[in-house]
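# Chain and residue survey
Here is how the chains run, residue by residue.
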Amino acid sequence: ENREAMLNSRSNRLTEALEEANALFDGVCRAREAALDAQFLVLASNIGKEKANELHSEMSAFDSTAFAEDLLTFMGINRTEETDDSEDDPGGFLPGDAWKRVGEEALKYFKRAPVFHYMLGSFKSEPPVPKQRIERQKKASRGKAEQAMPAQLKKMEESHQEATEKEVERILRILQTHFENDPNTPISFFDFVIDPNSFARTVENMFHVSFLIRDGLARIKLDEDELPVIEPTKPSGAGEEDSRAGARNQVIIRLDQREWK
């Protein structure tokens, strides 16, 4: 709403808005509020860019003709009093100390002499050694490396997938064994997945169990105390499996280290 006022070069409304946003951000505690702050930052950046473009367009560009006129005036030339006497002077119509005056003025803006350097190398330089053959070898080796990388990555992905599948199958066998030994006693989900000695291992167990739930090989339900219990599912026909899959709900389990301890 205040876009035009903020774009005014003489207005500080944009700075005031940024300071107010910084003060409000100290009280942010929800994701939606942080998203609004990010949205405001995008709008403020766009307005600042437009304001900078307008300031740049209003700046005066360098005029070489005006600079030449000012330089000649500084050298002591009055263009209104020019005569044709300069034709007999081999130095032109410039005064004799014109360039000296410019040099003395320029010395004030240089604190040291420019560093000496070669324009085209040293005088006794040798012709550079051709490196075409070396470049070909580098390109060839780089091509081999690029060809080998996808195969390595594919091999790593396959090995990781195989390890995950084996771990899921192992956990399914453990679950089925527990259920067969005592089918009337429900298996607590947390007792089944939590490793008392490793929080990372606990998270991995929950990750692998999620595959069993997704594939319909196990199910989780709540007991009388509203706590989750897990049990393997019995193999059934395609129709029942589809109906069971359609009735499944996705949930997110939150577990930090304090709760795990």
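Whatever comes next refers back to the structure up there.
As a starting point, this report considers the structure included with it.

Conventions adopted
Residues numbered from 1 in each chain as written. Predicted model: local features only at pLDDT ≥ 70, side-chain atom pairs only at ≥ 80, totals over all residues. Heavy atoms only, no water. Pairing = 2+ DSSP bridges. Helix = DSSP H or I, 4+ residues; strand = E, 2+ residues; numbered from the N terminus. Polar contact = N/O pair within 3.5 Å; in protein donor to acceptor, adjacent residues only side chain to side chain. Phe/Tyr/Trp six-rings, centres within 6.5 Å; stacked < 30°, edge-to-face > 60°. Buried < 20%, exposed > 50% of the residue type's maximum accessible area, 1.4 Å probe, protein only. Contact = heavy atoms within 4.5 Å. Core = buried A, V, L, I, M, F, W, Y, C linked by side-chain atoms within 4.5 Å. Salt bridge = Lys/Arg side-chain N within 4 Å of Asp/Glu carboxyl O. Expected span 1.5 Å × (residues − 1).

The three strands are arranged 1-3-2 in an open sheet whose pairing can be described as antiparallel. Every other strand in the sheet has two partners, leaving strand 1 (187-188) and strand 2 (218-222) as the edge strands with one partner each. Note: strand 2 against strand 3 (residues 228-232), five bridges, orientation antiparallel. Note that in strand 3 the partner of Arg-219 across the bridge is Glu-231.

With that settled, the discussion passes to helix 4 (residues 64-74). The N-capping residue of helix 4, defined by a side-chain oxygen 3.2 Å from the backbone nitrogen of Thr-65, is Asp-63. With its phi angle positive at about 100°, Gly-76 sits one or two positions after the end of helix 4.

Moving on, we come to the packing of aromatic side chains. On inspection of all chains with the given rule, the structure shows three aromatic pairs. Considering the side-chain rings of Phe-189 and Phe-190, the 5.5 Å spacing of their centres and the 70° angle between planes classify their relative orientation as edge-to-face. When its relative accessible area of 3% is taken as the criterion, Phe-189 is described as buried. Between Phe-199 and Trp-260, the ring centres sit 5.7 Å apart and the planes meet at 65°, which makes this aromatic pair edge-to-face. Linking Phe-199 in helix 8 (residues 199-214) with Trp-260 in helix 10 (residues 257-260), this pair joins segments that are 61 residues apart in sequence. Each member of the pair, Phe-199 together with Trp-260, is buried.

This part is about the side chain of Glu-167. Tracing the chain through its elements places Glu-167 in helix 6 (residues 132-181). For Glu-167, the side chain forms a polar contact with the side chain of Arg-170, separated by 2.6 Å. Apart from the residues within four sequence positions on either side, Glu-167 is in contact with Arg-201 and His-208.

This part covers the nonpolar core. Counting 13 residues, the largest nonpolar core has Leu-175, Phe-192, Val-193, Val-209, Leu-212 and Ile-230 as its most contacted members. For this core, the elements supplying multiple residues, two or more each, are helix 6, helix 7 (189-193) and helix 8. The greatest single-element share of this core, amounting to four residues, is contributed by helix 6. What Phe-192 contacts, discounting residues up to four positions off in sequence, is Ile-171, Ile-174, Leu-175, Ile-187, Val-209 and Ile-230. Of all hydrophobic cores here, the second largest spans six residues; its members include Met-6, Leu-7, Ala-44 and Ile-47.

For the rest of this paragraph, the subject is the pattern of salt bridges. The final tally for this structure, using the stated rule, is eleven salt bridges. We note a salt bridge from Arg-101 to Asp-97, for which the minimum N-O separation is 3.6 Å. Owing to a relative accessible area of 32%, Arg-101 belongs among the partly exposed residues under this scheme. Note that Glu-167 and Arg-170 form a salt bridge whose closest N and O atoms lie 2.6 Å from each other. Separated by three residues within a single helix, Glu-167 and Arg-170 lie in helix 6, roughly one turn from each other. Several salt bridges share partner residues, and in doing so they unite Glu-167, Arg-170, Arg-201 and Glu-204 into one network.

Our focus in this paragraph is helix 8. End to end, helix 8 covers 23 Å across 16 residues, agreeing with the expected 22 Å (1.5 Å per residue, within 8%). Buried residues of helix 8: Phe-199, Thr-202, Asn-205, Met-206, His-208, Val-209 and Leu-212, and no others. Directly after helix 8, the chain includes Gly-216, whose backbone phi takes a positive value near 75°.

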